[in-house]
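# Breakdown of the fold
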Number of protein chains: 2
Amino acid sequence: MVKKRSRVTLQQVAEHAGVSRATASKVVRGSSNVSDAAREKVFNSMKELGYIYDRVAANLRSNRSNTIGLIITDIRNPYFSDLLIGIHESLDKEGYTVILGTTFDSVEKQDLLLSTMLEHRVGGILLSPVPGSSPETVERLSQFDIPIVLAARRITTDHQFDYVGIDNVEGAKLAVQHLVAKGHQRIAFIGGPSNSSAWQERTEGYCLALLEAGIPVDEALIKEGPTTRQGGYETIRKVLEQPDPPTAIFCYNDIIALGALTYLDEIGIKPGQHISIVGFDDIQEASMTPPGLSTIAAHPQQIGAYAANLLHQRISGLAGPPQQIILSPDLIVRGTT
Amino acid sequence: MVKKRSRVTLQQVAEHAGVSRATASKVVRGSSNVSDAAREKVFNSMKELGYIYDRVAANLRSNRSNTIGLIITDIRNPYFSDLLIGIHESLDKEGYTVILGTTFDSVEKQDLLLSTMLEHRVGGILLSPVPGSSPETVERLSQFDIPIVLAARRITTDHQFDYVGIDNVEGAKLAVQHLVAKGHQRIAFIGGPSNSSAWQERTEGYCLALLEAGIPVDEALIKEGPTTRQGGYETIRKVLEQPDPPTAIFCYNDIIALGALTYLDEIGIKPGQHISIVGFDDIQEASMTPPGLSTIAAHPQQIGAYAANLLHQRISGLAGPPQQIILSPDLIVRGTT
DNA sequence: GTGAAAGCGCTAACAC
DNA sequence: GTGTTAGCGCTTTCAC
């Protein structure tokens, strides 16, 4: 917090080049109203003096911002790494700089991060909200008319926000329909935070698909649990230990499914033979973990790219009602079903 | 890049509270030289007007910075997610804001990111350099006397830099010694970027341990390859298909080892029985992938925390020669050996 | 304890 | 084309 610095200023560059500050400013911003001679002199002086453009001062003066705030929940989940990659790639191209914050599912942390980002004059915010976020959290942002785009998870509120995500209902239906087609009747849905929009939508899809197949929904087969490998490991154990256990399991996401596979391996049950498992997300490990995890591709990188792109448009002045961009999921069949 | 905003300024707060701008400024910074009455009036006005502190303007004027630049190579690798977590946790506590950049092993991207961060007046930089980074890349930074700390990978150059990492030589020795103790004589070392300091140090440890055990180093058993699951899958195939194949394999990192395990599973070879595998890093999946990957714990989260802490101290004015903080690795024995 | 005035490094009008 | 002037929102002397 206390670093002193002695930068070369544009003033010094201008003096060294024998032009005015205004002309030098035009040169660094690539304006056309400068003679070639002046431009060259300025460039030479910049190089010679080791000039570094001060975006902070420039942004302050011009009342712009080329930074955006990115808030995600769990950087350990490959799903979010991929989301982040998609966002970064898209934003880099447009010349934005990204301030990153991770909430690890803490609402307090999320509020704090949002405030910090406002204080840093971000031009917009890309938020993958903590499950159970109160609408106020994000509604207070709309006062400051700074664009905000939600990714992967919604916030349930009257006031709509721009949102980019996967069709969770459809994804869950695909998974369950696939399991039904394989002949299963007792299909469980395990893991995940029941207060997240994604969980609720997937549960909806799960129930819909069962009803369409004429299979009654058994609440004992819906078991939430921590969204971690360890969580998957334990949740599948619980669901299998109850009387009349399921013969197929649809997991909230791949991380949970992978934990579940570990448990099955331990107790000597072969997925794809004795039991069927389907995950959600299609993270890299899904294809690399024997015998290959059947799953629903959720295209996080694309979601990130779309969300970043939408935010960029909003920052650039795009008006109009909140957009809801919903991508279609794909069923990926591998060895576990 | 074009967002207009109409913030409430400190000026407006001051007027509303009936005090001067200077007094209001003291209040927001928590200075003691303010009467309680004035403080309260200012706080009330702030709340009433919805004031947001402008750190950008404040930093400009006071010539400080509370942002730091963080540059890592591969966000997909859980090792780096953990590094990032350690860094973030440590930096959050000190009130820094983090600007993130990912290079994906592109030297050009790295140079670009470093420039961008300088332009954003970061107070310091935390860099996990791209393998094969030229010393100039980072030496030019020392001109601007902005603190920089390297994490996980060094840059070989005369000018030393602050560095925090694991003892790679020792880690590799632990791995190989373990394999030797298990009775192996033909031990391969596969995967990784041979132009990274980490690879070179691990190779050194590998060779040292073999020599100490009286086993000659066979160059055919050292095979570099992409640092991905897919890379591990292919590199182990190559090394096993050659005449006189190894009976044990030390992998550059866990990602590669996990890819290798996938291949072994496919061809029906049981790790821990027919062949021994050791990884490096001890990422979460190592313990969750049956039969459990033996590995060397590299403590990325701790490294991140130490690096962040050192950078904070440098920013706060800590002088003295470059520090080299080297953590000790631990051998973790699981099912694959 | 409080306020007036100067200025961080830059851009934006507007003359010339 | 180029320079002059004002000022973004804040902090910092330095009087009072």
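Residues numbered from 1 in each chain as written. Chains lettered and ligands numbered in written order. Predicted model: local features only at pLDDT ≥ 70, side-chain atom pairs only at ≥ 80, totals over all residues. Heavy atoms only, no water.

### Concerning unusual backbone geometry
Definition in use: Strands are runs of DSSP state E lasting at least 2 residues, helices are runs of H or I lasting at least 4, and numbering of each runs from the N terminus. Only protein chains enter the accessibility calculation, which uses a 1.4 Å probe; a residue is then buried when its area is under 20% of its type maximum, exposed when over 50%, and partly exposed in between.
In the segment running from Pro290 of chain A into Pro291 of chain A, the intervening peptide bond is cis, with an omega of 0°. Phi is positive for Phe104 of chain A, which is not a glycine, with a value near 45°. Looking at the element boundaries, Phe104 of chain A is found in the loop between strand E2 (97-102) and helix H6 (107-119). What makes Phe104 of chain A partly exposed here is its relative accessible area of 38%. Its identity as a non-glycine residue notwithstanding, His299 of chain B has a phi of 50°, on the positive side. Note on placement: His299 of chain B falls in the loop between strand E10 (295-297) and helix H13 (300-315).

### Notes on the relation of the copies chain A and chain B
Mapping between the two copies of the chain is achieved by a rotation about an axis and a shift along the axis. The following threshold applies: When the copies are superposed, the least-squares fit draws on C-alpha atoms of residues that have pLDDT of at least 70 in both. Only heavy atoms matter for contacts: two residues are in contact if any of them lie within 4.5 Å across the pair.
You can overlay chain A on chain B at an RMSD of 0.1 Å; the transform is a turn of 180° with a shift of 0.1 Å along its axis. With respect to symmetry, the two chain copies, as superposed, fit the operation of a two-fold axis. Looking at the rotation axis and the C-alpha trace of chain A, the residue lying nearest is Ile99 of chain A, at 2.3 Å. Most of the interface of chain A is mirrored in chain B, where 100% of its interface residues again form contacts.

### Describing the interface of chain A and chain B
Counted only if it meets this: Buried surface area refers to the total accessible area, computed with a probe of radius 1.4 Å, that the two partners give up upon joining, counted for both partners together. Salt bridge, as used here, is a side-chain nitrogen of Lys or Arg placed within 4 Å of a carboxyl oxygen of Asp or Glu.
Contacts between the two partners involve 59 residues from chain A, matched on the other side by 59 residues from chain B. Overall, the association of chain A and chain B removes approximately 5,900 Å² of surface from exposure, summing both partners, and the carbon and sulfur fraction of that is 57%. Inspection of the region where chain A meets chain B yields 10 salt bridges. Asp54 of chain B is the partner of Arg121 of chain A in a salt bridge, and the nearest nitrogen-oxygen pair spans 2.7 Å.

### Topic: the UniProt feature "domain: HTH lacI-type" (unreviewed entry) in chain A
As a reminder, the rule being used: UniProt positions are given in the numbering used here, feature names are shortened, and annotations may be inferred rather than shown by experiment.
When the UniProt feature table is mapped to this numbering, "domain: HTH lacI-type" (unreviewed entry) covers residues 8-62 of chain A. Annotated as residues 8-62 of chain A, this span is 69% helix and 0% strand, and its ends, taken at the C-alpha atoms, are 20 Å apart.

### Here's the deal with helix H8 (residues 168-181) of chain A
Residues and elements named next belong to chain A. Going by this rule: Multiplying one less than the number of residues by 1.5 Å gives the expected span of a helix. What qualifies as a polar contact is a pair of N or O atoms within 3.5 Å, subject to a donor-acceptor requirement within protein and to the restriction that residues adjacent in sequence count only when both atoms come from side chains.
An ideal rise of 1.5 Å per residue puts 20 Å on 14 residues; H8 measures up with 20 Å between its terminal C-alpha atoms. The buried fraction of H8 is high, at 10 of 14 residues. Taken residue by residue, H8 has Asn168, Val169, Gly171, Ala172, Lys173, Leu174, Ala175, Val176, His178 and Leu179 as its buried positions. With a side-chain oxygen lying 3.3 Å from the backbone nitrogen of Val169, the N-terminal cap of H8 falls on Asp167. Count one or two residues on from H8 and you reach Gly183, which has phi positive near 100°.

### Describing the sheet that holds strand E9 (residues 276-278) of chain A
Residues and elements named next belong to chain A. The cut-off we apply is this: Pairing between strands is defined by DSSP: at least two bridges between them are needed. For helices, the fitted line uses only the C-alpha atoms of the stretch in contact; every axis is such a line through C-alpha atoms, and the angle between N-to-C directions lies from 0 to 180 degrees.
In space, the 4 strands of this open sheet follow the order E7-E6-E8-E9, with parallel pairing throughout. Unpaired on one side and paired on the other, strand E7 (222-223) and E9 mark the two borders of the sheet. As defined by bridge partners, strand E8 (residues 248-251) adjoins E9 across 3 bridges and the pair is classed as parallel. Directly across from Ala248, in E9, lies its bridge partner Ser276. Against the sheet, helix H10 (residues 229-241) contacts strand E6 (187-190), E7, E8 and E9, and its axis sits at roughly 145° relative to E6.

### Let's talk about the domain arrangement of chain A
Our working rule: Where each domain starts and ends comes from a domain assignment, either automatic or drawn from a database.
Domain parsing of chain A yields domain 1 (10-53), domain 2 (64-166 + 300-328) and domain 3 (168-299). Computed from C-alpha coordinates alone, the two centres of domain 1 of chain A and domain 3 of chain A are separated by 62 Å.

### Thoughts on the protein's contact with DNA strand D
In plain terms, the rule: Nearness is defined per residue: one heavy atom within 4 Å of the molecule or strand is enough.
Lining the immediate environment of DNA strand D, one finds 27 residues, of which Arg61 of chain A together with Leu10, Arg21, Ser25 and Tyr51 of chain B sit closest. Among the atoms of DNA strand D lying within 4 Å of the protein, the sugar-phosphate backbone contributes 59%. In the environment of DNA strand D, a base nitrogen lies 3.3 Å from a nitrogen or oxygen atom belonging to the side chain of Arg21 of chain A. Thr23 of chain A places a side-chain nitrogen or oxygen 2.9 Å from a phosphate oxygen of DNA strand D.

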